[in-house]
Structures are given as C-alpha cells and as structure tokens.
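A look at the structure
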Amino acid sequence: MADTASVYLVEHVLLVAIPDNITDTEIMSLQEELSTRIVSDGARGVVIDIAALEIVDTFVGRVLAQLSSMARLLAAETFVVGMRPAVAMTLVELGMDLHGSRTALTLSHALRALRSEGLA
Amino acid sequence: MKNALQTVLALLGEDYDSILQAWLETQKAEGVRRPDLFSDRESRRQLGDILRGLGEGISRSDLSEGIALDADSWTDLRATLDEVTQERVERGVSPSEMATFILAMKQPVFARLRERLAADPTRLIEEITQFSRVVDALAMHTNEHFIEARDQVIERQRAEMMELSTPVVQLWDRVLTIPLIGTLDSMRAQEVMENLLNAIVEHSAEVVIVDITGVRVVDTQVAQHLLRTAAAVRLMGAEAIISGISPKIAQTMVELGVDVGEVTTRPTIRAALAHAFRRVGFSIEKVENARG
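Please read all numbers here as calculations on a predicted model, not as lab measurements. (Residues numbered from 1 in each chain as written. Chains lettered and ligands numbered in written order. Predicted model: local features only at pLDDT ≥ 70, side-chain atom pairs only at ≥ 80, totals over all residues. Heavy atoms only, no water.)

1. Let's talk about the overall build of chain B
When helices and strands are tallied, chain B shows eleven helices and five strands. Against the globule reference of 19 Å for 292 residues, chain B gives a C-alpha radius of gyration of 32 Å, more extended than a compact globule. Taken along its principal axes, the extent of the C-alpha atoms in chain B is 95 × 50 × 35 Å. Relative to all contacts within chain B whose residues are 6 or more apart in sequence, the contacts with residues 24 or more apart total 75%. For chain B, the exposed surface amounts to about 15600 Å²; the carbon and sulfur share of it is 52%. (Helix = DSSP H or I, 4+ residues; strand = E, 2+ residues; numbered from the N terminus. Rg over C-alpha atoms; globule rule 2.2 N^0.38 Å. Contact = heavy atoms within 4.5 Å. Areas by Shrake-Rupley, 256 points an atom, 1.4 Å probe, with all protein chains shown as cover.)

Here it is in structure tokens:
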C-alpha cells in the first residue's frame, strides 16, 4: 500500500503526489501516514499534487479538506496543487471549495510561497 | 409515353438561351436580380443549372399523377436548388426575393407556350397549369431550404457569439482578464468558467481579472455564478479579482445579501490591474521626459 502514494520530505516540506487510481482505503491510510510524518519529520509545509486526478467525488474532496485541517492543527501549511479545470469545476459544483487549504498552480509555485513565508 | 409537358420540354431544349435571358429580364423587372450580390455570370450559371435540372426532371418523371419533387428523377434539380438557395441566403437575399426569383421563370415559358400552342388551346391550358404546378413546387422547396439554411446561419452565429463573448485575454505575464459583456446566464457562466480555467493552465496564470463593467444586471444568480467562478479559480491555485463593480452594483449586492467572502473585488479594471501587478511582482513607473 505504501507505494500507491509516496510521501517525500524536502526541506521541511512533505510532498505527496496522488495517483489517479487511488482507492478510498488508500487515501485514508495516506491521511494517517501524513499526520504521523508531519510530527516525526517536523514538517512545516505539506504539498499535495493532484495533477493526476481526473475525477473527484465528494469523498476525495472531503478527505482533501480534512488533510488540510489536520495539518493546520499540527502547525503545517497545506497546499493543494495542479488541480485540473474539470476537477475544479466539479468541486465547485459539489459545493466543496477546500476552504482550509491553500492552492497553487504547480509544485514550484507552492514551494515558492512556502519559502517566502520561511516555512521551507 | 407522352409527357404532359412535352412542349415545355421541347422549348427547354430548343429555346434554352432565350428562356434563360428572358428569365433574367423578368427577375430584373421584378427587382430580384440583385446585381449588387451576384455578377451576371453567376446569375447565368445559377439559372442555367436550374433550367438544365428542370429539363432533366420533367423528361424523367410521369407528371400525370401530380408532381413529387422528392422522387428520384428530381434529385439533380433538388441539389442544384439547394446549392443556389444556400449561395443566396449567405449573401443576404430575403425569402420573398428568393421565391420571386424562382417564380419569375413562369412568364417567359408561358409566353413561348402561347406562341407555340396557339392552335391548340386545350393543350396550352393543360401545359400552363402543369408547368405552373412544377414551378410552384420548386418555389416551395426553395423556401423550405431557405428557412433551413437561415436556421443554420443563426445557429452558427449564436455559437460564434458565445465564443466571442467570452474571450480570455492575457494582460501581462501570469495575468489574465475576461471582460464580461451582456447577460450572464447559467450557460454562459459555464462557458466563462471553462474558458477561464483552461486559459489558467495554458498561460500558468496566477491572477485573473473578471471584469463585469459590461454586465447589465447583477442579481443573486449572476453573483452566485461569479463567486463560483472565483472559487474554481482559487482551487486551480490562482487568484480571481472581480472588477468593474459600480457603486450601484455594490448597493444591489449588499441589498441582496451577497457575501463575496474572501474574493478580491475592485471598482475598476485599472485598480484590479494595479493589484495584479503587485501580486505577480511588477510595478509601473512613471518615466521622466517620456516621448511619444
């Protein structure tokens, strides 16, 4: 299960790329792993790359929102990056605008933002 | 088999050129020749094609049971008529002009029938009635196709307008704008959102200015559309600025209880651009001794 979405630590920032075929159980275990790693690695930022996701449902949307809230409790800023236009439209349609998490176009945009805030 | 229109058929064969000429003259007299839209050569080609198709159709069909234009024998003529109609619709000919254009064929043919069948009045009346029915059927067919063609033109223009009315423009590196004009219904709002989000990916834009200076009415629904667009833009990782909010629109929005939340708003596109420049790290400087 660990190979479905690997979590990497780069300069105090945890990087995760979510694959397109991720299952509900996998995303739940990812949530668990992330929360553990934020604490054990002392991460100040989390970047979740969802560029591979072509479809989202309310479940994935809710988990993404929960990930952000959870990270914030552990003093880490979460960025969701690389969202596709179709996914953005679906999420808005579903009324899930990921209020707690920040967004950026790409991974490098997110890293730049984290650096400018002294978190990376 | 004796053709009910054998004299007409003979005329079309022997007198082709003069009939064509007379048809043109009649059109001119009726004011439907439209030399402003079609050159003499084009008109002659159109009329010639129709006359040839007509001769073909008459010779191949049995008219004793009335005329059925959708029969196989008329295929060529139908195609020609459709083509001519299409050409004339596209250049803006009116429906009545189009009908008169075809009906003008009667007069020259009738005149020639009268000459040729002067000795046989029964036959004359028969052929005139018969030919009249054929030409009427042609005019009717033309009219139907005319309306079809015009519907297509309208549909195409609607699609083009849709496309034109939602242009995404790059103002600067990483700064886009979409000036909205007219009314913003659900269909257009969807179109706007799609175009905008795709443009964000294409240009790696970080700020997009949604300018509503040209939007006539902002009601709750329009405000919802705008806010949803802004939310989707944020999800993509860019910032949306809604600009062109006039004092009156601001008042209406407050009265309607619209809460824009964290969406940045600016009264003018100028103010929005200034904000966008700061966001992407540019500044505008006044140059001393500027020329030109």
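2. Considering the nonpolar core
With 66 residues, the main nonpolar core has Met83(A), Leu180(B), Leu197(B), Ile200(B) and Ile212(B) as its most contacted residues. The element contributing the most residues to this core is helix H9 (residues 220-235) of chain B, with nine residues. The residues touching Ile212(B), leaving out its near neighbours within four places in the chain, are Leu180(B), Val218(B), Leu226(B), Ile242(B), Ser243(B), Gly244(B) and Ile245(B). Judged by nonpolar contacts, the second largest core, of 43 residues, contains Leu12(B), Ile19(B), Met98(B) and Leu113(B). (Core = buried A, V, L, I, M, F, W, Y, C linked by side-chain atoms within 4.5 Å. Buried < 20%, exposed > 50% of the residue type's maximum accessible area, 1.4 Å probe, protein only.)

3. Comments concerning helix H8 (residues 186-203) of chain B
The end-to-end C-alpha distance of H8(B), which contains 18 residues, comes to 26 Å, matching closely the 26 Å that a straight helix rising 1.5 Å per residue would cover. Phi turns positive, to about 50°, at Ser204(B), one or two residues after H8(B). (Expected span 1.5 Å × (residues − 1).)

4. Remarks on unusual backbone geometry
Positive phi is not limited to glycine here, since Glu11(A) has a value of about 45°. Mapped onto the elements, Glu11(A) comes out in the loop between strand E1 (7-10) and strand E2 (13-17). Note on Glu11(A): relative accessible area 45%, which makes it partly exposed. For Arg34(B), which is not glycine, the phi dihedral falls at a positive 50°. With respect to the helices and strands, the residue Arg34(B) is situated in the loop between helix H2 (16-30) and helix H3 (40-60).

5. A few points about the packing of aromatic side chains
All names here are of chain B. Under the defined criterion, the tally for this structure stands at five aromatic pairs over all chains. For the pair Trp-172 and Phe-282, a centre-to-centre distance of 6.0 Å together with 75° between the ring planes defines the contact as edge-to-face. In this pair, Trp-172 is assigned in strand E1 (residues 169-172) and Phe-282 in the segment after helix H11 (269-280), connecting sequence segments 110 residues apart. Of the residues examined, Trp-172 reaches a relative accessible area of 42% and is grouped as partly exposed. Note on Phe-282: relative accessible area 28%, which makes it partly exposed. Ring pairing ties together the aromatic residues Trp-172, Phe-277 and Phe-282, which thus form one cluster. (Phe/Tyr/Trp six-rings, centres within 6.5 Å; stacked < 30°, edge-to-face > 60°.)

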